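Tertiary structure, described
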Amino acid sequence: MQTHTEHEVHTDHHVHDDHHHDHHHEESFITKYVFSQDHKMIAKQFLITGIIWAVIAGLMSVLFRIQLAYPDQTFPFLERLFGKWAEGGQISADFYYQLVTMHGTILVFFVLTAGLSGTFSNLLIPLQLGARDMASPFMNMLSYWFFFLSGFVMLLSFFLPTGAASGGWTAYPPLNALPWAAKGSQAGVDYWLISISLFIISVLLGGLNYISTVINMRTKGMSFKRMPLTVWAFFFTAIIGLLSFPVLLAAGVLMLFDRNFGTSFFLSDIISSAGEVMPNVGGNPILFQHLFWFLGHPEVYIIILPAMGIVSHILSTNSRKPIFGYSAMVYSILAITIIGFLVWAHHMFVTGMNPSLGVVFTIFTLLIAVPSAIKVFNWLTTLWKGNIRLTPAMLFALGFVSLFISGGLTGIYLGTNFLDLHLHDTYFVVAHFHIVMGVAAFFGTFAGVYHWFPKMYSRYMNRTLGYIHFFITFLGAYLVFGPMHWLGLGGVPRRYYRFDAFEFSSQFDDVNKIITIGAIISVFAQFLFIYNFFNSIWRGRKMKEKNPWRSNSLEWTASIEPIHGNWPGAIPEVHRGAYEYGKDGYEYMPQTVPVGQEHTVEQVTATSSSTNAEVKHVE
Amino acid sequence: MSFNNFLIVLFVIATIVIVMAQIAKLGDMITNLKKDPEKAEEESSTNLALLFIVSGLLFVGLITWSYFNQQPRFLPEASSELGRDWDWLFYIVFSPPIVLIFFITHALLFWFVYKYSYKKGRVGFYFPESIKLEMIWTVVPAVVMIALVGLGLGKWIKATSPPSEDAMHIRITGMQFKWMINYAGDDGEFGDRDIRKWGKEFGIQNLLGLDPTDAEGYDDIYPDEIVVPVNQEIAFDINALDVLHDFYLPNFRIKMDAVPGVPTRIKIKPDVTTAQMREKLGDPDFEYEIACAELCGTGHWNMKKVLRVVSQEEYDEWLASQATAKAIYYQPLLDKLEKEKNLAMQGADSEETVLN
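About the cut-offs
- Residues numbered from 1 in each chain as written.
- Chains lettered and ligands numbered in written order.
- Predicted model: local features only at pLDDT ≥ 70, side-chain atom pairs only at ≥ 80, totals over all residues.
- Helix = DSSP H or I, 4+ residues; strand = E, 2+ residues; numbered from the N terminus.
- Rg over C-alpha atoms; globule rule 2.2 N^0.38 Å.
- Buried ≥ 20, exposed ≤ 12 C-beta atoms within 10 Å, placed from the backbone.
- Contact = placed C-beta atoms within 7 Å.
- Nonpolar A, V, L, I, M, F, W, Y, C, P; charged D, E, K, R; others polar.
- Domains from an automatic or database assignment.
- Axes fitted to C-alpha atoms, helices over the stretch in contact; angles between N-to-C directions.
- Parallel < 35°, antiparallel > 145°, perpendicular 65-115°, else oblique.
- Left-handed = near helix turned anticlockwise from the far one by under 90°.
- Pairing = 2+ DSSP bridges.

1. Examining the overall build of chain B
In terms of regular secondary structure, chain B is built from eight helices and nine strands. Taken over the C-alpha trace, chain B has a radius of gyration of 33 Å; the compact-globule value for 356 residues is 21 Å, which it surpasses by more than 25%. The burial tally for chain B puts 33% of its 356 residues in the buried class. Looking at chain B alone, contacts between residues at least 24 apart form 71% of all its contacts between residues at least 6 apart.

Right, dumping it as structure tokens:
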């Protein structure tokens, strides 16, 4: 497909060549693959590290689901694998709580923050904006290596004699502040806090970079209003991260002080298990929750906004239609960003905080449903009268929409303070957030990987395997998290090691078995993806055309083989918005095509460009 | 499952993955062999759209079916006005619009994908914006949300307002991994507690920090179960000694955290006795259960108490049969205090002698 833009690039090649020398240099293995400063390589590092963490956390969920479905059966292989933590072939309560805690921590922070935002912000911001790299490639590299270090510390904590942290991913004090309160609250929590602190440094380095790149490094013609929605989403995500993560860092440092240096920020009037009155006076455990959720709630938008951006972009590209209501999509992200900072205490309706405060937080929480609704309806309208190409990426994007609807709607119940009195900390909550931010964000990630894999590795992933992966995961996700709503309505509290201590929670044995079987199938179905991913890196079908999805955005004008600096010649210039699909009868129109040069773009439609005017009339 | 079986299972899973991968490879190869990639895209999109609709019907159908299948196992109708308000707000107010939106949006999603699946040569309809449409789905959800907030607000205020004057207070203290229950006794006054002073003084002997000099506590009772008369407003004054707990009464649709150092409170007014509930459910073993709903450590899943709702006569009878705290808790503390005082006096005496 010889387009006008390519032609332009070629003629300008020698003129602009002196602007850019990087790709002439030979790079060593270390600078290319390990301490790389190329945003595309860093994106791959984030992605692959994220995949490894996702496998670990996914297998953890299989383990604790086995415990919940078969609390009375023994599985000798567990003892063989985990020794004292699974004596007699049964997962111990301590181990169970470690698994649950680590599952949450790893997925929320390492996989869905670093793995999702780190991968796609890095890959797409420079490519879609027409920049040769990030504003600070060195900081970008540091961002990955702080993430790596943070993961390393977390991994070490698994092998402590007292085990990893076991007080939940929210690390509430006093349970996590008092070493005698649980086995995992000994060294495990210190490791957890140090790991998360390192992680926050990584997020901040990355976020600063994303923001300055978006503001400063857009190519000529790439006004804010022409940016793809992916970049808008990454931009706001980075802003949220920059404003909220430092608060968690503060909370974590205060907790480290409480644990190790005898301060009383979160502790007061406590009697140890040995009957000893602790000297701490005047602290308040609820204060930590305020600090934690001031990050914790925006954190769910840090997770979901990039997925939304990716999904918007893929839905439009594969519907062959402009995204419906581009500005509304941007403003709704802005609205979510702002309101997202004002809803944190809806996690705390039952902590005894002032009921009037509960009213304010309910109002803001339900208010956030409005921009969410706008997004959903705009996605649906984007599909309407499109020409929908069902690539694996598109299917995952559609799955995301379904999951976001389902999980978003249950959020309306939970955001209402009065209804939260019963539903708080039950399986209803577990179902809600797994669907709306867990699985949905995963679907966004999968969509992104299937869509941009050719950009990363110049090869295609296997489509058929992608389809199998999609249908198993889509149905599996609902099989696992659908029935959990019923458990929650039945009052079953979350974070229970077994359900038979209470009459009201012991009635769902068969449901728990179904959930566990669903979870095992869903987790192992991910190995189809992993096999597909790694196999395709080396053995996938080679990419021969630059723009396989006939997309408008800039990343597909870069060279097929990823090179340092992205464009061998001059940086492309932008003349139009990112979503001109179907305009004036043209099936698509890359952003680089100047106004008046539309006819130079070869279209795949049966109608030739000369008859496009007629097509337009017919429409 | 033994270790060998586990290895076999892993092997089987790996085999399935590899077999699927090979089939998939073949599938892609066949598609790529087709001469007209656009036509191939059209075919595969049509088939996948059908499959997508089927999977949509499957999951929406299964969820609907499983709701009706599981519904009988949910908690029975709440046993207090607050609880019934909850049921009303959840089932009657919130669920109809939410379920409706769920079905409509999903119907549109699956229908559009099928209806507009890829056709060779078709150009997507250029429809980038419609202020009118967008206004509709900004304003309508906003109005619905405001209505929902409004309807929930009154109930929340009612649930969280301070208990009335004639409410019966029960002190609940959470600790790993049990609940301590404290009634005020005949005088209606609780004995003072001060962990910093009296807890320190007596250590493990006085975890609650009871003040042995406060006679108001002598008639308090510390029973194993919570027994309350029906139709009496109960205020639970909640506290914790070590970590966070959460006092959860599923049958009354309410819970509240127990926080060390920060007192919290909820109120309930049960209007169905345990005996009535047993009869209603046909379950002679039914009890109102109290669970912990905030992760508090290894035994979190097993912090159980029973709340028994009885008639006023039964309650009076039960209350009369309970031993007061004087003998159980206070006397040992008083004895110890006395002993220490004597020791101190002796010490002072001997000191005086030395000085002289």
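The structure having been displayed, the exposition proceeds.
2. Some remarks on the interface of chain B and chain A
If you look at the interface, chain B gives 111 residues, while chain A gives 123 residues. Looking at the side of chain B that touches chain A, the elements that each hand over two or more residues are helix 1 (3-33), helix 2 (37-70), helix 3 (81-115), helix 4 (131-160), helix 5 (195-202), strand 5 (245-249), strand 6 (254-258) and strand 8 (288-292) of chain B. The residue makeup of the side of chain B that touches chain A, split by class, is 64 nonpolar, 25 polar and 22 charged.

3. Remarks on the environment of Pro72 of chain B
Looking at the secondary structure, you find Pro72 of chain B in the loop between helix 2 and helix 3. Sequence separation of Pro72 of chain B and Leu337 of chain B is 265 residues, and the distance between their C-alpha atoms is 57 Å.

4. Remarks on the domain arrangement of chain A
All names here are of chain A. Segmentation of chain A into domains returns domain 1 (1-34 + 544-619) and domain 2 (36-270 + 277-541). Here the C-alpha centroids of domain 1 and domain 2 sit 34 Å apart. Facing the 33 residues of domain 1 at the interface are 29 residues of domain 2. Residue classes in the side of domain 1 that touches domain 2 are distributed as 15 nonpolar, eleven polar and seven charged.

5. Notes on the domain arrangement of chain B
Taken domain by domain, chain B holds domain 1 (9-119), domain 2 (131-161) and domain 3 (168-330). Using C-alpha coordinates to define each centre, domain 2 of chain B is positioned 37 Å away from domain 3 of chain B.

6. Observations regarding the packing of helix 17 (residues 509-539) of chain A against helix 1 of chain B
The contact between helix 17 of chain A and helix 1 of chain B brings their axes to 10 Å, and the two run at 50°. The angle between the axes of helix 17 of chain A and helix 1 of chain B places the two elements in the oblique class. As for how helix 17 of chain A packs across helix 1 of chain B, the hand of that crossing is right-handed. Of the residues in helix 1 of chain B, those touching helix 17 of chain A at Phe524, Phe527, Leu528 and Tyr531 of chain A are Ile13, Val17, Met20 and Ala21 of chain B. For the contact of helix 17 of chain A with helix 1 of chain B, the residue count by class is eight nonpolar, no polar and no charged.

7. Topic: the sheet that holds strand 1 (residues 168-175) of chain B
Residue and element names in this part refer to chain B. Taken in spatial order, the four strands line up as 2-1-4-7 in an open sheet, and their pairing is mixed. Both outer strands of the open sheet, strand 2 (178-183) and strand 7 (264-268), are each paired with one neighbouring strand and no more. Across the sheet, the mean angle from the axis of one strand to that of its neighbour is 25°, orientation sign disregarded. Alignment of strand 4 (residues 234-240) against strand 7, held across five bridges, turns out to be antiparallel. Its bridge partner being in strand 7, Phe236 is matched across the sheet by Ile266.

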